[in-house]
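Topology and contacts: notes
The lines below spell out each chain.
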Amino acid sequence: MKILQTQNLKKHFPIRSGVFLQITGYVKALEKVDFEISEGETIGIVGESGCGKSTLGKTLVKIYEPTAGSITYFDPTGKVHDITKGLRKDVRSIFRKDVQMIFQNPYDSLDPRMTIRDIIREPIETHRLFNTSQAMDDYVRELLTKVGLDPDYGKRYPHEFSGGQRQRIAIARSISVKPRLLICDEPTSALDVSVQSQIINLLKQIQRENQMAFIFISHNLDLVYHMSDRILVMYLGNIVESAPSTAIFDSPAHPYTQALMSAIPSWNPTERKLKDVKLEGEPPSPINPPHGCPFHPRCQYRFDACSTVKPDPVMVSPGHICACHLHAEKQKDEKIVS
Ligand SMILES: Nc1ncnc2c1ncn2[C@@H]1O[C@H](COP(=O)(O)OP(=O)(O)O)[C@@H](O)[C@H]1O
Ligand SMILES: [Mg+2]
């Protein structure tokens, strides 16, 4: 059963300047994103910094209002809700429990004035999971143990903990209400390398033990590959490729995905007889994105159409979609031959 779906989702942030703060342009963080996630699925979202990954996550959990397009939420009873414009009262409580998000920086996400117990108890109280205070406290201790922390840490404050421990606390808080979907936005990139794999293992354990759906966001394709059933590759606010993780690994179709892959030593494209594509320079600004294919200025395979016509997504094999003129051309040729 589906949990969330977007259609033509767009998010543009206005840029204001001058004394009267007039709008002088827009940061085009998301352009026409079609996305869906079902119960139990893990979707990885990958792409360089600034390509719109966090904006997509925050728009999905309704931190940001979309500029255009739609977001549909399928509640646990199967009812369908259009949540594009705000959350109506009747869906707010259930949506807020059902869809949780953890963020990159565990230093910002915990209220420094609250004890760990109160931080974790807050959503449990809001959603009235237990009748007695004792039952809630017991559950908080159980959650702390589950995320690998001493249950007596509940009495302490966030500043007493390291980044890795804080991320564990944020995870305990987010899974306390048993969400159907947990969105993890670069959950380890602000942490020391030595604790990154511990947090990844904890998330994997949670994934195994609960039938939760995950959206796993990272700029690291290797990490995303190891966490996800399906991968979406983003570039300048667009999904340029979407496929099962194994298909991304075995036969990446978009030159951008091939470039991300070539940068991972253990994926060695030459050894695997795949294209070895270099990625040079930085992505262009999302304020003035290029015409045509957003990747064309950096693409070594570009031809005339790439700078004028934006490629539509085409199916390169079942479940494997890629927005690149090379594949559209190939399909045209095949049709002519057949
Ligand atoms: N609240 C905001 N206001 C204005 N611009 C934003 C805001 N959030 C993100 N952006 C811009 O939108 C683009 C996408 O950002 P983001 O979604 O954070 O990318 P990523 O998570 O992939 O690094 C960037 O150019 C960023 O500067
Ligand atoms: Mg981000």
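First, a word on what this report is: a plain description of the structure on this page.

**Here we look at the packing of helix H3 (residues 116–126) against helix H4 (residues 133–146)**
Where H3 meets H4, the axes come as close as 10 Å, and the angle between the chain directions of the two elements is 115 degrees. As for how H3 packs across H4, the hand of that crossing is right-handed. Touching Ile 116, Arg 117, Ile 120, Arg 121, Ile 124 and Glu 125 of H3 are Ser 133, Met 136, Asp 137, Tyr 139, Val 140, Leu 143 and Leu 144, all from H4. For the contact of H3 with H4, the residue count by class is eight nonpolar, one polar and four charged.

**Let's talk about the sheet that holds strand S4 (residues 68–74)**
Read from one edge to the other, the open sheet built from four strands follows the order S2-S1-S4-S5, with strand pairing classed as antiparallel. Two strands bound the open sheet, and with one partner strand each, they are strand S2 (22–38) and strand S5 (80–82). With direction set aside, neighbouring strand axes in the sheet form an average angle of 25 degrees. Of the pairings in the sheet, the one linking strand S1 (residues 2–17) to S4 comprises five bridges and is antiparallel in character. Note on S4: the bridge partner recorded for Lys 10 is Ala 68. Together, S1, S2 and S4 form the strand contacts of helix H1 (residues 53–60), whose direction differs from that of S1 by roughly 115 degrees.

Rules used in this analysis
Residues numbered from 1 in each chain as written. Chains lettered and ligands numbered in written order. Predicted model: local features only at pLDDT ≥ 70, side-chain atom pairs only at ≥ 80, totals over all residues. Heavy atoms only, no water. Axes fitted to C-alpha atoms, helices over the stretch in contact; angles between N-to-C directions. Helix = DSSP H or I, 4+ residues; strand = E, 2+ residues; numbered from the N terminus. Left-handed = near helix turned anticlockwise from the far one by under 90°. Contact = heavy atoms within 4.5 Å. Nonpolar A, V, L, I, M, F, W, Y, C, P; charged D, E, K, R; others polar. Pairing = 2+ DSSP bridges.

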